[in-house]
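Structural characterization, general
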Amino acid sequence: MKKTASFLRLFLFISFFLLILSSCDKSKFKEEEDPLSQLTALLEDSSISEQSRYAVINRIANLFYSRGQSDDMVLFLTDWVETHPDDGYNAYWLFMVASNYLKLSQEPFAEYYYERIINNFSDLLVNGESIHFACLQHLIQISKNPSNRINYFNRIIHNFPQNVSITEMYMRLALEYEKVGEWDMALKNYSLFLEQPDSSAIQIAGLPNAYTKARQMVNFSKSSKDWTFDSLDSLEKAVKKAITSYNWRKLDSYRSKVNFFAMSWKSSESDPNALENFSMHNFMLGNRIRYSDRLDDTSTPTEAYLRTWGWTSYVNVWYLYFRKVDFPADPEIHGRWEWAGIYFGEKL
């Protein structure tokens, strides 16, 4: 009887312990339930506010991403946009998709979604930042199509002038118009660039001579261009003949009438002091001018240097700089040669 009572007490104790353990396990399982499941269930609640729904979707997407499940994140967000076209945050969901592809170096997919956002969805401010502006910035960086880039630059200029350097935008836009052969628009944007008060001082990444290039293009487009020669050989012979005969008038006529410079090797064409309009008469009179038999060895297919000397006692040696004309806007002039400047002193 005593053994029976003891056994009964042991049985009741074990049963009670198992009941508690079972209860704890269920509670623990409930507490450790996958947050995605909880959030998905919450998202199905039609009574939640738009702001709460935004927070839930954003949390789900970030959970997928933090777990390394970016494909699941993309599938979730793109499916949501397709099935909920009235969601006011759809532009942001697709922006997350595009940014994910960009981080994976899958630029064509990123470009597709950035394009889709700016063309099909109203702009949206997230943390005070414009989604459209962010998309355009990324598109400019990754797009390889000049026509598309022209569109992006124009959108930024017209819609977000306060966010960028308009001076830089005009220069970059001009270069894109050049690439597609729209020379009138290229020249228009070069002119707009030059009209900006900081055009001569601005530093543009990848374009160290932006001001010089724009000035040369605009000035050249407005000039007669009647000083150019059909070949380097004909230009060289004409200049040498004029020097030999001390025909300063001929030399003056051979010089470029726009963008002509005369400077030391250390100077830059963008330096206002490098632009000279002096007459060769002042330097030929009373001096014995000589020149090398052939062009300098550093000459290239697009640039050439002729060493001359005897000009002045102060700077005896001058290198005459000849340049191939780069002006596709006028096919009859493009590829001809011009005497574009003078470098004073021996080469550095």
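See the structure above.
As a starting point, this report considers the structure included with it.

Rules behind the numbers
- Residues numbered from 1 in each chain as written.
- Predicted model: local features only at pLDDT ≥ 70, side-chain atom pairs only at ≥ 80, totals over all residues.
- Heavy atoms only, no water.
- Helix = DSSP H or I, 4+ residues; strand = E, 2+ residues; numbered from the N terminus.
- Contact = heavy atoms within 4.5 Å.
- Areas by Shrake-Rupley, 256 points an atom, 1.4 Å probe, with all protein chains shown as cover.
- Core = buried A, V, L, I, M, F, W, Y, C linked by side-chain atoms within 4.5 Å.
- Buried < 20%, exposed > 50% of the residue type's maximum accessible area, 1.4 Å probe, protein only.
- Phe/Tyr/Trp six-rings, centres within 6.5 Å; stacked < 30°, edge-to-face > 60°.
- Pairing = 2+ DSSP bridges.
- Axes fitted to C-alpha atoms, helices over the stretch in contact; angles between N-to-C directions.
- Polar contact = N/O pair within 3.5 Å; in protein donor to acceptor, adjacent residues only side chain to side chain.
- Salt bridge = Lys/Arg side-chain N within 4 Å of Asp/Glu carboxyl O.
- Expected span 1.5 Å × (residues − 1).
- Arc of directions from axis to C-beta.

Scanning the chain from terminus to terminus reveals 14 helices and seven strands. Of all intrachain contacts in the chain linking residues separated by at least 6 positions in sequence, the fraction that spans at least 24 positions is 54%. Accessible surface, the chain: about 20,100 Å² in total, of which carbon and sulfur atoms supply 53%.

This part covers the nonpolar core. By size, the foremost hydrophobic cluster in this structure holds 74 residues, and its most contacted members are Leu77, Trp93, Ile131, Met171 and Tyr190. Contact partners of Ile131, with chain neighbours within four places excluded, come to Ala91, Tyr92, Phe95, Ile117, Asp123, Leu124 and Val126. Grouped together as the second largest cluster of nonpolar side chains are 25 residues, Leu235, Ala238, Phe260 and Leu306 included.

Below, the discussion takes up the packing of aromatic side chains. For the structure on display, the rule yields 26 aromatic pairs. Pairing Phe220 with Phe327 gives two aromatic rings, centres 5.1 Å apart and planes at 65 degrees, and the pair type is edge-to-face. With a gap of 107 residues between them, Phe220 in helix H11 (residues 210-222) and Phe327 in the loop between strand S6 (317-324) and strand S7 (337-344) connect regions that are remote in the sequence. Each member of the pair Phe220 and Phe327 is classed as buried. Ring centres 4.1 Å apart and planes at 10 degrees place the aromatic pair Trp265 and Tyr343 in the stacked group. Placement of the pair is Trp265 in the loop between strand S3 (261-264) and helix H14 (281-284) and Tyr343 in strand S7, with a sequence separation of 78 residues. Note on accessibility: Trp265 and Tyr343 belong to one class, buried. Each residue in the set Phe261, Trp265, Tyr305, Tyr319, Tyr321 and Tyr343 is aromatic and connected to the rest through ring pairs, giving one cluster.

This paragraph deals with the sheet that holds S7. Taken in spatial order, the five strands of this open sheet run S3-S7-S6-S5-S4, and their pairing is mixed. Strands at the two margins of the open sheet, each flanked by one partner only, are S3 and strand S4 (290-291). As judged from the two bridges shared by S4 and strand S5 (residues 303-309), these two strands associate in the antiparallel manner. Bridge assignment links Tyr291 to a residue of S5, and that residue is Thr308. Contacts from helix H12 (residues 232-244) reach S4, S5, S6 and S7, with the element oriented near 150 degrees to S6.

This brings us to the side chain of Ser130. Relative to the helices and strands, Ser130 resides in strand S2 (residues 129-130). On the accessibility criterion, Ser130 (11% relative accessible area) is buried. Reaching out from Ser130, the side chain makes a polar contact with the backbone nitrogen of His132 at a distance of 3.3 Å. In this structure, Ser130 is in contact with Asp123, Leu124, Leu125 and Phe160, ignoring residues within four places of it in sequence.

Applying the stated rule across the entire model yields 11 salt bridges. Within this structure, Arg149, Glu176 and Lys179 form a network of salt bridges that share partners.

What follows is about the pairing of S5. The side chains of a regular strand alternate, first on one face of the sheet and then on the other. Of the strand pairs in this sheet, S5 and S6 are connected by seven bridges, and their pairing is antiparallel. What sits directly across from Thr308, in S6, is Trp318.

So, on to unusual backbone geometry. A negative phi holds for most residues other than glycine; trans holds for most peptide bonds. For Lys225, which is not a glycine, the phi torsion comes out positive at approximately 60 degrees. The backbone phi angle of Asn259 is positive, close to 65 degrees, even though this residue is not glycine. Checked against the element boundaries, Asn259 lands in the loop between helix H13 (248-254) and S3. What makes Asn259 buried here is its relative accessible area of 9%.

Let us look at the environment of Tyr211. Mapped onto the elements of the fold, Tyr211 is located in helix H11. Placed 21 residues apart in sequence, Tyr211 and Tyr190 show a C-alpha to C-alpha distance of 9.1 Å. The contacts of Tyr211, once residues within four sequence positions are left out, are Phe193, Leu194, Ser199 and Ser200.

Moving on: helix H10 (residues 183-195). Compared with an ideal rise of 1.5 Å per residue, which puts 13 residues at 18 Å, H10 spans 18 Å between its outermost C-alpha atoms and is within 8% of the ideal. Every buried residue of H10 is accounted for by Trp183, Ala186, Leu187, Asn189, Tyr190 and Phe193. In a view along the axis of H10, the buried residues occupy a sector of 165 degrees, so they form one face of it. Exposed positions of H10 whose direction lies more than 90 degrees from the buried face are Asp184 and Glu195. If you follow the buried residues of H10, they end up packed against helix H9 (166-179) and H11.

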